[in-house]
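The lines below spell out each chain.
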Amino acid sequence: MSVQNPDISIIIPVYNAGKHIGRCIESIQKQSFSNFEVILVNDCSQDNSVEIIRKYMREDERIKLIDKPQNEGSMLARESGYKNARGQYVIFNDADDALCENALQLLYTKITSTEADIVLAGCYYIADSGSKRFIPRGPAGEIDTETAQKMLLTQQLKTYLCGAIYKQHLFNNAYDSFMHLTICEDRMLLIQILENCKKAIVIDDPVFLYYQNMSSSSQSSFNDR
């Protein structure tokens, strides 16, 4: 299957994600909404991530791969993704997470029917034990830019980039990106995006599965560097 004019571009930074990337890609392929492209940005993985991705690419022309010439971190990997996105809307996902059933249709319907710039949704947190817990994004409803930024800073609004859909025009702006930033890079980009957003909507629905992964940068401990 190929898409000439995708409605949605799904951007996924990839670094040594061989254990999880198949689950991530398959959760996207199973969506009821099919007019999308997947842009996987390989940040110089040293495992079999690229081999797995290329297998899916041979079967599905909606899947694209960008190979970074050097390892720069997830923030710059995402930047490479959204600069090459062709969709009217952008969704971010992480390689070790997955989309809930019908997530794309839910987000697309909500953003097109409300004409919002961003629609933010919640997630299910999946522990290593297999237990599942719903984590809401924040209080449901429409919020303006200033309120949204204050809610991010006070943790009333969860700061992850995933589980949301963004209008493409938001990425026509230049955002600060920092090499090898592993802590709070989601919050830093989201705050910048909100500066160019006129209307954001928070919904109660969960749209992605956030798997506990203690080896990921967001869940591992700080080191001296």
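Please refer to the structure higher up on the page.
Presented here is a report on the structure given in the accompanying data block. Note that the structure is predicted; figures quoted are calculated from it, not measured. (Residues numbered from 1 in each chain as written. Predicted model: local features only at pLDDT ≥ 70, side-chain atom pairs only at ≥ 80, totals over all residues. Heavy atoms only, no water.)

From N to C terminus, the chain includes six helices and ten strands. Dimensions of the chain, computed from C-alpha atoms along their principal axes, come out at roughly 45 × 45 × 40 Å. For the chain, the proportion of its 225 residues judged to be buried stands at 53%. Here the contacts in the chain between residues at least 6 apart in sequence split such that 80% fall between residues at least 24 apart. Total accessible area on the chain stands at roughly 10,900 Å², and carbon and sulfur atoms take up 47% of it. For the chain, the separation between the mean place of its 23 positive charges and that of its 29 negative charges on side chains is 2 Å. (Helix = DSSP H or I, 4+ residues; strand = E, 2+ residues; numbered from the N terminus. Buried < 20%, exposed > 50% of the residue type's maximum accessible area, 1.4 Å probe, protein only. Contact = heavy atoms within 4.5 Å. Areas by Shrake-Rupley, 256 points an atom, 1.4 Å probe, with all protein chains shown as cover. Lys, Arg positive; Asp, Glu negative; His and termini not counted. Charge placed at Lys NZ, Arg CZ, Asp CG, Glu CD.)

Looking now at the nonpolar core. Side chains of nonpolar character tend, in soluble globular proteins, to be buried together. Counting 42 residues, the largest nonpolar core has Ile 8, Ile 10, Ile 12, Ile 21 and Leu 40 as the members making the most contacts within it. Residue contributions to this core peak at five residues, all from helix 4 (residues 103-114). Counting 29 residues, the second-largest nonpolar core is a separate cluster that includes Ile 11, Tyr 82, Met 151 and Leu 189. (Core = buried A, V, L, I, M, F, W, Y, C linked by side-chain atoms within 4.5 Å.)

By the definition in use, this model includes eleven aromatic pairs. Where Tyr 82 meets Phe 171, the ring centres are 4.9 Å apart and the plane angle is 35°; that geometry is what we call tilted. Of this pair, Tyr 82 sits in helix 3 (residues 74-83) while Phe 171 sits in the loop between strand 9 (164-167) and helix 6 (185-194), and the two are 89 residues apart along the sequence. The exposure class assigned to Tyr 82 is buried, which follows from its relative accessible area of 5%. Residue class for Phe 171 comes out buried when judged on its relative accessible area of 8%. Between Tyr 124 and Phe 134, the aromatic rings sit 6.0 Å apart at their centres with planes inclined by 65°, giving edge-to-face as the arrangement. (Phe/Tyr/Trp six-rings, centres within 6.5 Å; stacked < 30°, edge-to-face > 60°.)

Should their charged atoms come close, side chains of opposite charge can pair. Tallying each qualifying case throughout the model produces eight salt bridges. Taking the shortest distance from any N to any O, the salt bridge between Lys 83 and Glu 79 comes out at 3.9 Å. Within this pair, Lys 83 and its partner Glu 79 are both found in helix 3, separated by four residues, close to a single helical turn. For Lys 83, a relative accessible area of 61% translates into the label exposed. Between Lys 150 and Glu 146 there is a salt bridge, with the nearest N and O atoms lying 3.3 Å from each other. (Salt bridge = Lys/Arg side-chain N within 4 Å of Asp/Glu carboxyl O.)

A separate point is the side chain of Thr 145. Tracing the backbone through its elements, the reader meets Thr 145 in helix 5 (residues 145-153). From its side chain, Thr 145 meets the backbone oxygen of Leu 194 in a polar contact 3.3 Å long. Residue contacts for Thr 145: discarding those within four places in its chain leaves Leu 194, Glu 195, Cys 197 and Lys 198. (Polar contact = N/O pair within 3.5 Å; in protein donor to acceptor, adjacent residues only side chain to side chain.)

Moving on, we get to unusual backbone geometry. Non-glycine residue Asn 102 carries a positive phi angle of around 65°. Topologically, Asn 102 is positioned in the loop between strand 5 (98-99) and helix 4. Residue Asn 102 is classed as partly exposed on the basis of its relative accessible area, which comes to 35%.

Remember that the coordinates give geometry; whether it matters functionally is a separate question.
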